[in-house]
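# Observations on the three-dimensional arrangement
Listed below are the residues making up each chain.
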Amino acid sequence: MRGTWCWAAALWLGLGAWTAATADAGLGAEPFARAQAHLGRAEFTQALAALEEAAKADPAQADYRRELAIVRQVIDLRQRIQSETDPARRDRGAAALRAYYYDRGLFAEALALDRDRHGREDSPASAEALAETLLESGADAEAGDILAAMGADRLSPLGRWMLALAGAKSGERGEAERLAADLPAPPPDNAQMLYLAARVQALLGKGEPSLAALQLAFRSTPPSRLARLKDQARACPDFGPLAGEASFAAVFATESAVKESGCSRGPTCGGCPRASSCATGGGK
């Protein structure tokens, strides 16, 4: 029901991009492609109209219906968080939208959410979220300033790796080297931190540690997301110093070591509607 928005379900919006559209060509293919172009520009109203056209043209195509449902939820949630007065509910809704924006590469949209959150919280967690999006947006110096203002000792290990990355990318190599040297090695199952460390080490000219971290990042990424991470790594300019080396190319043969259930393939079980009944996730 539209009158009773389910915030827990909203947290599962991020699945939209991971299950993205593999529809065969048909009557709805052209409006569906148009919808994808609109979504890439955060033009949600236009995307909705195009998806409705696609679903009407080919009602048997499940991908069209699924994407249409997700975009309807996104539009609804974008409107609702503007008037939400409960801070916890607003934050949950913003987190759902942010996950969707990240999946779609809509970092300008995510940046607005992160600036709003950091303006209200001014906490290490909000600073790290904002810095992450600033780094994705190419605003490396600002990301470093946001994190440095918190104080490195207040940041999580992930935040300190982001601070090192911001320094390496904005020319503060000495500070980046000092931070990287002081940080413990990322846990072998933390793909996000490993990927950050790989980027930092590549920028600092440390090819072997960079490749080792990147390989572990690939191994600890679920199979359903590995191809996307590899595509990101190939396109990431931070790996430029290694891009022409055979050892860099060889790392991309790494396969995932993560056992993934056949359910909804989300990042965690926390927002999954099947969490309580999934034998693999155990509801955790």
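Because the structure is predicted, anything quoted here is derived from the model rather than measured.

### Some details on the overall build of the chain
Scanning the chain from N- to C-terminus turns up 15 helices and 0 strands. Across the 284 residues in the chain, those meeting the buried criterion constitute 46%. Sequence-distant contacts, at least 24 apart, represent 61% of the contacts inside the chain between residues at least 6 apart. Surface exposure of the chain reaches about 14,000 Å², of which carbon and sulfur atoms provide 53%.

### Examining the layout of surface pockets
What the second largest pocket holds in volume is close to 400 Å³. As for the second largest pocket, its lining consists of 24 residues, of which A94, A95, R98, L113 and D114 are closest to the centre. Of all the elements in the fold, those that place two or more residues in the lining of the second largest pocket are α5 (62-83), α6 (87-104), α7 (107-121), α8 (124-136) and α10 (157-169).

### Considerations on the pattern of salt bridges
Under the counting rule described, the total for this entry stands at 22 salt bridges. A salt bridge links D116 to R90, with the shortest nitrogen-to-oxygen separation between them at 3.3 Å. Pair noted here: D116 is in helix α7 and R90 is in helix α6, with a separation of 26 residues, a long-range link. D116 sits in the partly exposed class, given a relative accessible area of 31%. Across the salt bridge formed by R178 and E175, the nearest N and O atoms sit 2.7 Å from each other. Highlighted residues: R178 and E175, both in helix α11 (residues 173-182), separated by 3 residues, approximately one helical turn. Via salt bridges that share partners, R90, D91, D116 and R120 belong to a single interconnected network.

### Let's talk about the nonpolar core
W161, Y195, L214, F218 and F239 are the most contacted members of the largest nonpolar core, which has 46 residues in total. When residues of this core are traced back to their parent elements, those giving at least two are α8, α9 (140-150), α10, α11, α12 (191-203), α13 (207-219), α14 (223-235) and α15 (246-251). Among residues more than four places away in sequence, those in contact with Y195 are L214, A217, L229, Q232, A233, C236 and F239.

### Concerning the confidence of the model for the chain
Confidence in the prediction for the chain averages 86 pLDDT; 83% of positions are at 70 or higher. Here residues 264-277 is modelled with pLDDT under 50, and outside its nearest four sequence neighbours on either side it reaches 24 contacts, counting other chains as well.

### Points about the packing of aromatic side chains
Evaluation of the coordinates by the stated rule reveals 9 aromatic pairs. Seen from their ring centres, F44 and Y100 are 6.5 Å apart, and the 50° between their planes marks the pair as tilted. Of this pair, F44 sits in helix α4 (residues 44-57) while Y100 sits in helix α6, and the two are 56 residues apart along the sequence. The same class applies to F44 and to Y100, which are both buried. A network of ring pairs unites the aromatic residues Y195, F218, F239, F248 and F252 as a single cluster.

### Re the environment of D63
Inspection of the secondary structure puts D63 in helix α5. A sequence separation of 31 residues divides D63 from F32, and the C-alpha atoms of the two residues are 9.5 Å apart.

### A look at the environment of A243
Examined against the element boundaries, A243 turns out to sit in the loop between α14 and α15. Residues A243 and A202, spaced 41 residues apart in sequence, show a C-alpha to C-alpha distance of 9.9 Å.

### Digging into the environment of D58
Positionally, D58 belongs in the loop between α4 and α5. Taking C-alpha positions, D58 is 6.0 Å from L27, a pair spaced 31 residues apart along the chain.

### A closer look at the side chain of R199
In this structure, R199 sits in helix α12. The class for R199 is buried, based on a relative accessible area of 11%. Beyond its immediate sequence surroundings of up to four residues, R199 is in contact with L165, K169, C236, D238 and F239.

About the cut-offs
Residues numbered from 1 in each chain as written. Predicted model: local features only at pLDDT ≥ 70, side-chain atom pairs only at ≥ 80, totals over all residues. Heavy atoms only, no water. Helix = DSSP H or I, 4+ residues; strand = E, 2+ residues; numbered from the N terminus. Buried < 20%, exposed > 50% of the residue type's maximum accessible area, 1.4 Å probe, protein only. Contact = heavy atoms within 4.5 Å. Areas by Shrake-Rupley, 256 points an atom, 1.4 Å probe, with all protein chains shown as cover. 1 Å grid on protein atoms, 1.4 Å probe; cavity = no way out; pocket = protein on both sides within 12 Å on 5 of 7 lines; lining within 4 Å. Points joined across faces, edges and corners; volume = space filled by probe spheres on them. Salt bridge = Lys/Arg side-chain N within 4 Å of Asp/Glu carboxyl O. Core = buried A, V, L, I, M, F, W, Y, C linked by side-chain atoms within 4.5 Å. pLDDT = per-residue confidence, 0-100. Phe/Tyr/Trp six-rings, centres within 6.5 Å; stacked < 30°, edge-to-face > 60°.

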